[in-house]
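These are the residues of each chain, in order.
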Amino acid sequence: MPSFRLAPLAAICLAAIASPAAADSLGAARSVAIDNVLKSECSKFYRVNPGEIAAMNFMLREAFGKDDPGFESKVGTETASLRSSMSAVSAKEWCLDQKARLQAVGARKMFQ
């Protein structure tokens, strides 16, 4: 994968690394949870690039999961919260909203 394709992912991860650790760990766990739900649920409605999601999850887990023994538990909690939010609206509506939000911040490669 060319390095210029990872530039937006690296920028997001570097910005997250510069913030306070506890908040970053929870934010990183939420990002991993969103990525996983995009892959498992939203791929029913539009193309989701599993390679981009895997790269993002890898970087987030390397940056935050290694030193946080509760990281995977946070991912599970965040995933449950996301699924609850999704059930409050339709899955398709939730997925389209997430896609629009992510594309607005430059994460277009996740959907190619």
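All values reported here derive from a predicted model rather than from experimental measurement. (Residues numbered from 1 in each chain as written. Predicted model: local features only at pLDDT ≥ 70, side-chain atom pairs only at ≥ 80, totals over all residues. Heavy atoms only, no water.)

> Before we move on, could you go through helix H4 (residues 71–88) and cite the residues and values that matter?
Spanning 18 residues, H4 covers 26 Å between terminal C-alpha atoms, matching the ideal 26 Å at 1.5 Å per step. Along H4, the positions that sit buried rather than exposed are Phe71, Val75, Glu78, Thr79, Leu82 and Met86. Within H4, the buried residues cover an arc of 110 degrees as seen down the axis, which keeps them to one side. Among the exposed residues of H4, those oriented more than 90 degrees off its buried face are Ser73, Ser87 and Ala88. (Helix = DSSP H or I, 4+ residues; strand = E, 2+ residues; numbered from the N terminus. Expected span 1.5 Å × (residues − 1). Buried < 20%, exposed > 50% of the residue type's maximum accessible area, 1.4 Å probe, protein only. Arc of directions from axis to C-beta.)

> With reference to specific residues and values, describe the confidence of the model for the chain.
In this model, the chain carries a mean pLDDT of 83, and residues with pLDDT of at least 70 account for 79%. Every residue in residues 14–20 scores below 50 in pLDDT, and together they form seven contacts with partners more than four places removed in sequence or on other chains. (pLDDT = per-residue confidence, 0-100. Contact = heavy atoms within 4.5 Å.)

> Lay out the environment of Lys74 with the relevant residues and their values.
As for its position among the elements, Lys74 is in helix H4. Here Lys74 falls in the partly exposed class, since its relative accessible area comes to 25%. Note: C-alpha distance between Lys74 and Ala28 (46 residues apart in sequence) is 9.2 Å. Filtering out sequence-adjacent residues up to four positions away, Lys74 remains in contact with Ser25, Leu26, Ala29 and Asp68.

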